[in-house]
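What follows is the residue order along each chain.
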Amino acid sequence: MAELSQIKGINARQIKLLQENGVNTAEALAMSPLRVISSIDGLGEKSAKKLIWNARTALGMTEFAPASDINENVEFITTGSSELNRILGGGFQTGKLTEIYGPFKSGKTNLAQTIAVTIQLPRSKGGLESAVCYIDTENTFSKEKVKRIAKRFGLNPSDVLAKIFHARIYSSDHQSQMIMKAEALCKTRNVRLIVVDSLMALLRAEYIGIGMLARRQATLNNMIHALSRIAETYNCAVLLTNQVATKMMGMFSGNDAIGGNSDVILNASLLNSCPWLSLQSNV
Ligand SMILES: Nc1ncnc2c1ncn2[C@@H]1O[C@H](COP(=O)(O)OP(=O)(O)O)[C@@H](O)[C@H]1O
Ligand SMILES: [Mg+2]
């Protein structure tokens, strides 16, 4: 990870502005779209472009390299179910966005809380000994449930809760703000998993009707882009839940994953076919 101060031509004021907007490293800056950085109050479009380009140059991003040199570096986090791990290609993957979609009560939150625990396991047991940022838009995070899951995996419940940095979210703007804040915790608190449960709930509530679709999509894209960038910069796993319904919403039928933006898409109805329900007696 390279510090912002290592970028050619950057000054202290610009570093402060970038940090206030959740851009804490040269990597983060280099991967940001120009539009996002230019829109930071007080930075200006010309400086934004110069700084992004200088950051890319500093990181060797402005040269093509042989594909044989691509470093994938993916790590896997166990779900606690060998079958589900297999479906996911080895477990939840770092550096990627995984979307779990399904109807209300299909087990999305339960899976999110499970991974928030299993990532804390030692590597020998399928974890990464890492902490978690949990962005909770529906107020469904349950300490009691997490404690029970921790016990199932032989971890101390209070230790597990202490390593889940939780934020209750009240608006889509607050959600965007806390996604950016999560980046700082990746840097300083060994966070390797960001959960957004759920990604769309507040957006759906705030941007109602076809006339708002474009703005809703733009806000969503900004969040997804920020999360992808964090995932890549810190080799962090990102788990998004998305509630889908069969009724028509706006001009789209609602029972689809957001799709295109996510690297791994898991239909929560698959959870029912996995023999991972040893949790059942506990939840
Ligand atoms: N693996 C599981 N085994 C047993 N019960 C589960 C499991 N996953 C979820 N549940 C139960 O199903 C209900 C809905 O789960 P939840 O994760 O809140 O769904 P969603 O987030 O998709 O709405 C909860 O009461 C939860 O306790
Ligand atoms: Mg839920």
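Below is a summary of the structure that appears in this document. (Residues numbered from 1 in each chain as written. Chains lettered and ligands numbered in written order. Predicted model: local features only at pLDDT ≥ 70, side-chain atom pairs only at ≥ 80, totals over all residues. Heavy atoms only, no water.)

## What about the packing of helix 9 (residues 172–188) against helix 11 (residues 213–234)?
Link 1 in the chain: Contact geometry for helix 9 and helix 11: axes closest at 10 Å, N-to-C directions at 5°. As judged from the angle between their axes, helix 9 and helix 11 are roughly parallel. In contact with S172, Q175, S176, I179, E183, C186 and K187 of helix 9, helix 11 contributes T219, M223, A226, L227, R229, I230 and Y234.
Link 2 in the chain: Per-class residue counts for the contact of helix 9 with helix 11 are 7 nonpolar, 4 polar and 3 charged. (Axes fitted to C-alpha atoms, helices over the stretch in contact; angles between N-to-C directions. Helix = DSSP H or I, 4+ residues; strand = E, 2+ residues; numbered from the N terminus. Parallel < 35°, antiparallel > 145°, perpendicular 65-115°, else oblique. Contact = heavy atoms within 4.5 Å. Nonpolar A, V, L, I, M, F, W, Y, C, P; charged D, E, K, R; others polar.)

## As for the environment of I100
Link 1 in the chain: If you trace the backbone, I100 turns up in strand 3 (residues 97–102).
Link 2 in the chain: Sequence separation of I100 and N267 is 167 residues, and the distance between their C-alpha atoms is 5.8 Å.
Link 3 in the chain: If sequence neighbours within four positions are ignored, I100 has contacts with F92, K108, L111, L239, L240, T241, N242, L266 and A268.

## A look at the pattern of salt bridges
Link 1 in the chain: Across all of its chains, the model carries 7 salt bridges by this definition.
Link 2 in the chain: R86 serves as the salt-bridge partner of E83, at 2.7 Å between the closest nitrogen and oxygen. Pair noted here: E83 and R86 are both in helix 5 (residues 82–87), with a separation of 3 residues, about one helical turn.
Link 3 in the chain: For E83, a relative accessible area of 26% gives the class partly exposed.
Link 4 in the chain: Judged by relative accessible area, which is 55%, R86 ranks as exposed.
Link 5 in the chain: The network of salt bridges with shared partners includes E75, R123 and R192. (Salt bridge = Lys/Arg side-chain N within 4 Å of Asp/Glu carboxyl O. Buried < 20%, exposed > 50% of the residue type's maximum accessible area, 1.4 Å probe, protein only.)

## Some words on the packing of helix 6 (residues 108–118) against helix 7 (residues 143–152)
Link 1 in the chain: Contact geometry of helix 6 with helix 7 gives a least axis separation of 9 Å together with a crossing angle of 55°. One way to sum up the angle between helix 6 and helix 7 is to call them oblique. The handedness of the crossing between helix 6 and helix 7 is right-handed. In this structure, helix 6 uses N110, Q113, T114 and V117 to contact helix 7, whose residues at the interface are K145, V146, I149 and A150.
Link 2 in the chain: Within the contact of helix 6 with helix 7, the residues separate by chemical class into 4 nonpolar, 3 polar and 1 charged. (Left-handed = near helix turned anticlockwise from the far one by under 90°.)

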